[in-house]
Amino acid sequence: MNLQVVIGKLKLKNPVMAASGTFGFGREYGEYIDLNQLGAIVVKGLTVKPKEGNPPPRVYETPCGMLNSVGLQNPGVDAFIEKELPFLRDYDVAVIVNIAGETIEEFAYMAKKLDIDGVDGIEINVSCPNVKKGGMAFGINPEDIFNITKEVKKVTQKTVIVKLTPNVTDIGVCAKAAEDGGADAVSLINTIAGMAIDIDTRKPVFKNVIAGLSGPAIKPIALRMVYEAVRAVKIPVIGMGGISSFKDALEFMIAGAKAVAIGTCNFVNPNCTIEVIEGIRQYMVLNNIEDINEIIGSLKVD
Ligand code: DOR
């Protein structure tokens, strides 16, 4: 049985990744599961300098999903290379590094620094809804997506993935901008801009007012957007948004996603990624499917 999928220069042993921001840099997550079993891991978004993130509260649960306003807390690109990357190098798993610059130059600066052994891919984060500079402000502007991707591609040999925001009216245009800029793949969706209000104080729950919604609530939206992105570009699309079972993952792949990423579910069930891989395997056995690539884009529309 073949579970391998190819994304740019990356040959993933299976199409299931852990999404950025849902397991830090792998250490904590590595205590729960065998990281070697994953197709890839995408590490927490990095910035040029260490970043403290937003004031608390940073997460808030709703009956249908989770809101976060983490604000890209991270130790900075240098500390990642020095302290975190050596740990990941010991694993036989593709490492994709999410970078979140505040300017085009910052994206290029980080991508260049990360063009080193142990890093397999770069995920350009133009979709964080929780920062005042950069983030989603870039991702809603196709010209910015194009320019950032182009500059990053100039300085790295690694596979370049652009992580898109769902907070746009036409995801196809954004995916195409990434493709035109030279991206090897796009990944979507990042979180949907939302908010919550404390009715006693009548204040927004989050200091930033807006936060990112994730979890099962966003799955149908994510699936629709992946479907649209697949139709807009020729490069691979990595699907994510509310995946919590192998059935969810298969929906994304049937819609055309070449790989999927699991995010919020990791907090609920740390074994989720492994269960999804196992579930896909069993589905393939039951349905006599030899190659995972037969499933990708197999949607039957009358
Ligand atoms: O919802 C998100 N939260 N998306 C990101 O890209 C980053 C993260 C954060 O740190 O706020």
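Cut-offs and rules
Residues numbered from 1 in each chain as written. Predicted model: local features only at pLDDT ≥ 70, side-chain atom pairs only at ≥ 80, totals over all residues. Heavy atoms only, no water. Pairing = 2+ DSSP bridges. Helix = DSSP H or I, 4+ residues; strand = E, 2+ residues; numbered from the N terminus. Axes fitted to C-alpha atoms, helices over the stretch in contact; angles between N-to-C directions. Near = heavy atom within 4 Å. Polar contact = N/O pair within 3.5 Å; in protein donor to acceptor, adjacent residues only side chain to side chain. Areas by Shrake-Rupley, 256 points an atom, 1.4 Å probe, with all protein chains shown as cover. UniProt positions renumbered as here; feature names shortened; annotations may be inferred. Buried < 20%, exposed > 50% of the residue type's maximum accessible area, 1.4 Å probe, protein only. Contact = heavy atoms within 4.5 Å. Salt bridge = Lys/Arg side-chain N within 4 Å of Asp/Glu carboxyl O. Right-handed = clockwise from strand over helix to strand, strands pointing away.

Caption draft 1: Highlighting the sheet that holds strand E11 (residues 192-194). Judged by pairing direction, the sheet is antiparallel, and its four strands sit side by side in the order E5-E6-E14-E11 without closing on themselves. Looking at which strands have only one partner, the edges of the open sheet turn out to be strand E5 (59-61) and E11. Between one strand axis and the next, the sheet turns through 35 degrees on average, direction left out of account. Pairing of strand E6 (residues 66-68) with strand E14 (residues 211-214), which is carried by three bridges, proceeds in the antiparallel orientation. Paired with Asn68 across the bridge in E14 is Gly212.

Caption draft 2: Examining the site of the ligand more closely. Surrounding the ligand, one finds Lys44, Asn68, Val70, Gly71, Leu72, Asn125, Cys128, Pro129, Asn130, Asn190 and Thr191. With respect to the ligand, the backbone of Gly71 contributes an N or O atom lying 2.8 Å from an oxygen atom. With respect to the ligand, the backbone of Leu72 contributes an N or O atom lying 2.7 Å from an oxygen atom. Relative to its free-state accessible area of 290 Å², the ligand is covered by the protein chains to the extent of 91%.

Caption draft 3: The arrangement of unusual backbone geometry in detail. Looking along the chain, the bond that leaves Pro56 and enters Pro57 is cis, with omega of 0 degrees. Relative to the helices and strands, Pro57 resides in the loop between strand E4 (40-46) and E5. Cis geometry is adopted by the peptide bond preceding Ile189, which originates at Leu188 and carries an omega value of 10 degrees. Turning to its location among the elements, Ile189 is positioned in the loop between strand E10 (185-188) and E11.

Caption draft 4: Up close: the environment of Gln37. Looking at the element boundaries, Gln37 is found in the loop between helix H1 (27-30) and E4. Put simply, Gln37 and Asn54 are 17 residues apart on the chain and 33 Å apart in space, counted from C-alpha to C-alpha.

Caption draft 5: Fine view of the UniProt feature "binding site: FMN" (unreviewed entry) in the protein. Taken from the UniProt record, the annotation "binding site: FMN" (unreviewed entry) applies to Ser20, Lys44, Gly45, Asn98, Asn125, Lys163, Ile189, Gly215, Gly241, Gly242, Gly263 and Thr264. Relative to the assigned elements, Asn125 resides in strand E8 (residues 121-125). When its relative accessible area of 6% is taken as the criterion, Asn125 is described as buried. Contact partners of Asn125, with chain neighbours within four places excluded, come to Leu72, Asn98, Ile99, Ala100, Phe107 and Asn190. Residue classification places Gly215 among the buried positions, given a relative accessible area of 2%. The residues touching Gly215, leaving out its near neighbours within four places in the chain, are Cys64, Gly242 and Thr264.

Caption draft 6: Spatial organisation of the UniProt feature "active site" (unreviewed entry) in the protein. UniProt feature "active site" (unreviewed entry): in the numbering of this structure it lies at Cys128. You can see Cys128 is positioned in the loop between E8 and helix H4 (136-139). Those residues in contact with Cys128, other than ones at most four positions away along the chain, are Leu72, Gly135, Met136 and Asn190.

Caption draft 7: Local environment of the pattern of salt bridges. Tallied over the entire structure, the rule returns 11 salt bridges. Among the salt bridges present, the one from Lys113 reaches Asp78, with a minimum N-O distance of 2.5 Å. One end of the pair, Lys113, is in helix H3 (residues 104-113); the other, Asp78, is in helix H2 (residues 77-89), with 35 residues separating them in the sequence. Lys113 sits in the partly exposed class, given a relative accessible area of 29%. Residue Asp78 is classed as partly exposed on the basis of its relative accessible area, which comes to 36%.

Caption draft 8: Spatial organisation of the environment of Lys132. With respect to the element layout, Lys132 can be found in the loop between E8 and H4. Using a relative accessible area of 77% as the deciding quantity, one classes Lys132 as exposed. Along the chain, Lys132 and Glu102 lie 30 residues apart, while their C-alpha atoms are 9.1 Å from each other. For Lys132, the side chain forms a polar contact with the side chain of Asn208, separated by 3.3 Å.

Caption draft 9: Molecular detail of the pairing of E10. Neither face of E10 is left uncovered, since the one carrying Ala185 and Ser187 and the one carrying Val186 and Leu188 both have all their residues buried. Relative to E10, strand E9 (residues 159-163) is paired through three bridges, and the arrangement is parallel. Looking across to E10, one finds that Val162 is bridged to Val186. Handedness of the E9-helix H6 (residues 171-180)-E10 crossover: right-handed.

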